[in-house]
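Understanding the architecture of this molecule
Chain residues, written in single-letter form:
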Amino acid sequence: PGREGEIQLRGPTVMAGYRDLPQETARALRGGWLHTGDVGVLDREGCLRVLARRRDLIVTGGENVYPAEVESALRSHPEVRDAGVAPGPDAEFGQRVEAWVVLNPGARASTQEIQDFCRTRLAGYKVPRAVHVVAELPRTASGKLRRRALPERPGPA
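Below, the structure is looked at part by part. (Residues numbered from 1 in each chain as written. Predicted model: local features only at pLDDT ≥ 70, side-chain atom pairs only at ≥ 80, totals over all residues. Heavy atoms only, no water.)

1. Description of the pattern of salt bridges
Tallied over the full model, the rule gives 12 salt bridges. Taking the shortest distance from any N to any O, the salt bridge between Asp20 and Arg19 comes out at 3.7 Å. A relative accessible area of 66% means that Asp20 is categorised as exposed. Judged by relative accessible area, Arg19 falls into the exposed class, the value being 75%. The partner of Glu98 in a salt bridge is Arg96, and the shortest N-O contact between them spans 3.0 Å. The pair formed by Glu98 and Arg96 is uniform in burial state, with each residue classed as buried. Several salt bridges converge on common partners, so that one network encompasses Asp56, Glu71, Arg75, Asp82, Arg139, Arg147 and Arg148. (Salt bridge = Lys/Arg side-chain N within 4 Å of Asp/Glu carboxyl O. Buried < 20%, exposed > 50% of the residue type's maximum accessible area, 1.4 Å probe, protein only.)

2. Describing the side chain of Lys126
With respect to the helices and strands, Lys126 occurs in the loop between α3 (111-119) and β9 (130-133). Looking at Lys126, its side chain comes within polar contact range of the side chain of Glu69, at 2.9 Å. Apart from the residues within four sequence positions on either side, Lys126 is in contact with Asn64, Val65, Glu69, Val70 and Val97. (Helix = DSSP H or I, 4+ residues; strand = E, 2+ residues; numbered from the N terminus. Polar contact = N/O pair within 3.5 Å; in protein donor to acceptor, adjacent residues only side chain to side chain. Contact = heavy atoms within 4.5 Å.)

3. Points about helix α2 (residues 67-75)
Three or more residues of α2 are buried, namely Pro67, Val70, Glu71, Ala73 and Leu74. Buried residues along α2 cover an arc of 160° about the axis, so they all sit on one side. Those residues of α2 that are buried lie in contact with β5 (58-60), β6 (63-65), β7 (80-90), β8 (94-103) and α3. (Arc of directions from axis to C-beta.)

4. So, the sheet that holds β7
Spatially, three strands are ordered β7-β8-β9 in an open sheet, and the strand pairing comes out mixed. The sheet is open, and its two edges are formed by β7 and β9, each paired on a single side. Pairwise comparison of adjacent strand axes, ignoring direction, gives a mean angle of 25° for this sheet. Note that β7 and β8 share 10 bridges and pair antiparallel. The partner of Gly84 across the bridge, within β8, is Trp100. Its contacts with the sheet put α2 on β7 and β8, and the angle it makes with β7 is roughly 140°. Strands β7, β8 and β9 of the sheet are contacted by α3, whose axis makes an angle of about 130° with β9. (Pairing = 2+ DSSP bridges. Axes fitted to C-alpha atoms, helices over the stretch in contact; angles between N-to-C directions.)

Here's what the structure looks like:
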(Lines give C-alpha, C1' and ligand atoms only; values in the text may rest on other atoms or scores of the structure.)
Protein backbone atom coordinates (compact mmCIF):
# COMPACT_ATOMS: atom_id res chain seq x y z
CA PRO A 1 0.00 0.00 0.00
CA GLY A 2 1.11 3.52 -0.85
CA ARG A 3 3.79 2.52 -3.38
CA GLU A 4 3.26 3.32 -7.03
CA GLY A 5 3.84 0.58 -9.55
CA GLU A 6 2.72 -0.98 -12.79
CA ILE A 7 -0.67 -2.64 -12.59
CA GLN A 8 -0.41 -6.36 -13.37
CA LEU A 9 -3.25 -8.89 -13.54
CA ARG A 10 -3.64 -12.63 -13.69
CA GLY A 11 -6.55 -15.02 -13.48
CA PRO A 12 -8.76 -17.33 -15.51
CA THR A 13 -10.46 -14.51 -17.44
CA VAL A 14 -7.33 -12.59 -18.38
CA MET A 15 -6.50 -12.79 -22.08
CA ALA A 16 -4.30 -15.58 -23.41
CA GLY A 17 -2.57 -13.33 -25.93
CA TYR A 18 -2.93 -11.15 -29.01
CA ARG A 19 -4.02 -13.08 -32.08
CA ASP A 20 -1.13 -13.54 -34.54
CA LEU A 21 1.06 -11.09 -32.58
CA PRO A 22 3.57 -13.22 -30.66
CA GLN A 23 6.01 -10.37 -29.88
CA GLU A 24 3.27 -8.14 -28.43
CA THR A 25 1.95 -11.11 -26.46
CA ALA A 26 5.41 -11.82 -25.04
CA ARG A 27 5.72 -8.17 -23.96
CA ALA A 28 2.30 -8.07 -22.33
CA LEU A 29 2.28 -11.53 -20.71
CA ARG A 30 5.33 -12.25 -18.58
CA GLY A 31 5.60 -14.73 -15.78
CA GLY A 32 1.88 -15.47 -15.89
CA TRP A 33 0.96 -11.80 -15.41
CA LEU A 34 -0.67 -9.34 -17.82
CA HIS A 35 1.37 -6.12 -17.72
CA THR A 36 -1.24 -3.42 -18.35
CA GLY A 37 1.06 -0.46 -18.91
CA ASP A 38 -0.87 1.50 -16.28
CA VAL A 39 0.63 2.94 -13.10
CA GLY A 40 -1.41 2.65 -9.93
CA VAL A 41 -1.28 2.64 -6.16
CA LEU A 42 -3.15 0.58 -3.56
CA ASP A 43 -4.56 2.36 -0.52
CA ARG A 44 -4.63 0.82 2.98
CA GLU A 45 -8.02 -0.79 2.30
CA GLY A 46 -6.69 -2.47 -0.85
CA CYS A 47 -8.51 -0.19 -3.30
CA LEU A 48 -6.58 0.46 -6.49
CA ARG A 49 -6.25 3.98 -7.88
CA VAL A 50 -5.06 4.23 -11.47
CA LEU A 51 -2.66 7.16 -11.84
CA ALA A 52 -1.67 7.18 -15.51
CA ARG A 53 -0.56 5.20 -18.51
CA ARG A 54 3.10 4.36 -17.95
CA ARG A 55 4.01 5.84 -21.34
CA ASP A 56 2.31 9.16 -20.40
CA LEU A 57 4.37 9.59 -17.22
CA ILE A 58 6.63 12.64 -17.33
CA VAL A 59 9.97 12.27 -15.55
CA THR A 60 11.54 15.67 -14.94
CA GLY A 61 14.75 15.88 -12.97
CA GLY A 62 14.06 12.44 -11.51
CA GLU A 63 10.56 13.37 -10.31
CA ASN A 64 7.40 11.67 -11.61
CA VAL A 65 4.60 13.87 -12.91
CA TYR A 66 1.22 12.43 -13.81
CA PRO A 67 -0.40 14.51 -16.57
CA ALA A 68 -3.92 13.96 -15.21
CA GLU A 69 -3.00 15.68 -11.92
CA VAL A 70 -1.66 18.75 -13.75
CA GLU A 71 -4.65 18.78 -16.12
CA SER A 72 -7.01 18.75 -13.14
CA ALA A 73 -5.23 21.75 -11.61
CA LEU A 74 -5.35 23.59 -14.94
CA ARG A 75 -9.06 22.89 -15.41
CA SER A 76 -9.77 24.31 -11.95
CA HIS A 77 -8.64 27.75 -13.21
CA PRO A 78 -11.82 29.77 -13.74
CA GLU A 79 -10.84 30.80 -17.29
CA VAL A 80 -9.65 27.38 -18.52
CA ARG A 81 -12.22 25.19 -20.28
CA ASP A 82 -9.95 22.27 -21.19
CA ALA A 83 -6.34 21.21 -20.72
CA GLY A 84 -3.84 18.66 -21.95
CA VAL A 85 -0.36 17.93 -20.59
CA ALA A 86 2.58 16.14 -22.18
CA PRO A 87 6.36 16.09 -21.84
CA GLY A 88 8.55 18.51 -23.70
CA PRO A 89 12.29 18.24 -24.12
CA ASP A 90 14.54 19.85 -21.51
CA ALA A 91 18.32 20.04 -21.79
CA GLU A 92 18.83 20.09 -18.01
CA PHE A 93 16.07 17.81 -16.66
CA GLY A 94 15.48 15.46 -19.62
CA GLN A 95 11.78 16.30 -19.83
CA ARG A 96 9.65 19.22 -18.78
CA VAL A 97 5.94 19.60 -18.16
CA GLU A 98 4.13 21.40 -20.97
CA ALA A 99 0.45 22.29 -21.10
CA TRP A 100 -2.06 23.10 -23.80
CA VAL A 101 -5.15 24.96 -22.63
CA VAL A 102 -8.42 26.00 -24.20
CA LEU A 103 -9.76 29.14 -22.59
CA ASN A 104 -13.43 29.86 -21.98
CA PRO A 105 -15.03 32.19 -24.55
CA GLY A 106 -13.92 35.76 -23.85
CA ALA A 107 -11.28 34.70 -21.30
CA ARG A 108 -7.95 36.52 -21.33
CA ALA A 109 -5.80 34.60 -18.83
CA SER A 110 -2.10 34.92 -19.66
CA THR A 111 0.22 31.96 -19.64
CA GLN A 112 2.06 33.52 -16.66
CA GLU A 113 -1.22 33.83 -14.75
CA ILE A 114 -2.02 30.18 -15.45
CA GLN A 115 1.45 29.10 -14.25
CA ASP A 116 1.10 31.22 -11.10
CA PHE A 117 -2.30 29.63 -10.46
CA CYS A 118 -0.75 26.16 -10.81
CA ARG A 119 1.99 27.07 -8.30
CA THR A 120 -0.70 27.41 -5.62
CA ARG A 121 -1.97 23.88 -6.32
CA LEU A 122 1.02 21.80 -7.43
CA ALA A 123 4.58 21.07 -6.36
CA GLY A 124 7.03 23.30 -8.22
CA TYR A 125 8.34 20.54 -10.48
CA LYS A 126 4.78 19.81 -11.65
CA VAL A 127 4.02 23.37 -12.77
CA PRO A 128 4.04 23.59 -16.58
CA ARG A 129 7.20 25.27 -17.83
CA ALA A 130 5.32 26.19 -21.01
CA VAL A 131 1.63 26.87 -21.51
CA HIS A 132 0.23 26.95 -25.04
CA VAL A 133 -3.20 28.48 -25.62
CA VAL A 134 -5.03 26.63 -28.40
CA ALA A 135 -8.51 26.68 -29.89
CA GLU A 136 -9.11 22.98 -29.21
CA LEU A 137 -7.36 19.82 -28.09
CA PRO A 138 -7.04 16.70 -30.24
CA ARG A 139 -9.48 14.08 -28.98
CA THR A 140 -10.68 10.69 -30.12
CA ALA A 141 -14.29 10.11 -31.16
CA SER A 142 -14.99 8.98 -27.58
CA GLY A 143 -13.50 12.20 -26.16
CA LYS A 144 -10.16 10.86 -24.92
CA LEU A 145 -7.22 13.25 -25.18
CA ARG A 146 -4.70 12.29 -27.87
CA ARG A 147 -1.49 13.43 -26.12
CA ARG A 148 0.79 12.43 -28.98
CA ALA A 149 -1.25 14.62 -31.33
CA LEU A 150 -0.80 17.81 -29.31
CA PRO A 151 0.64 20.59 -31.48
CA GLU A 152 4.37 20.63 -32.19
CA ARG A 153 6.58 22.02 -29.48
CA PRO A 154 9.78 24.02 -29.74
CA GLY A 155 13.14 22.27 -29.27
CA PRO A 156 15.00 21.76 -25.96
CA ALA A 157 14.94 24.65 -23.54
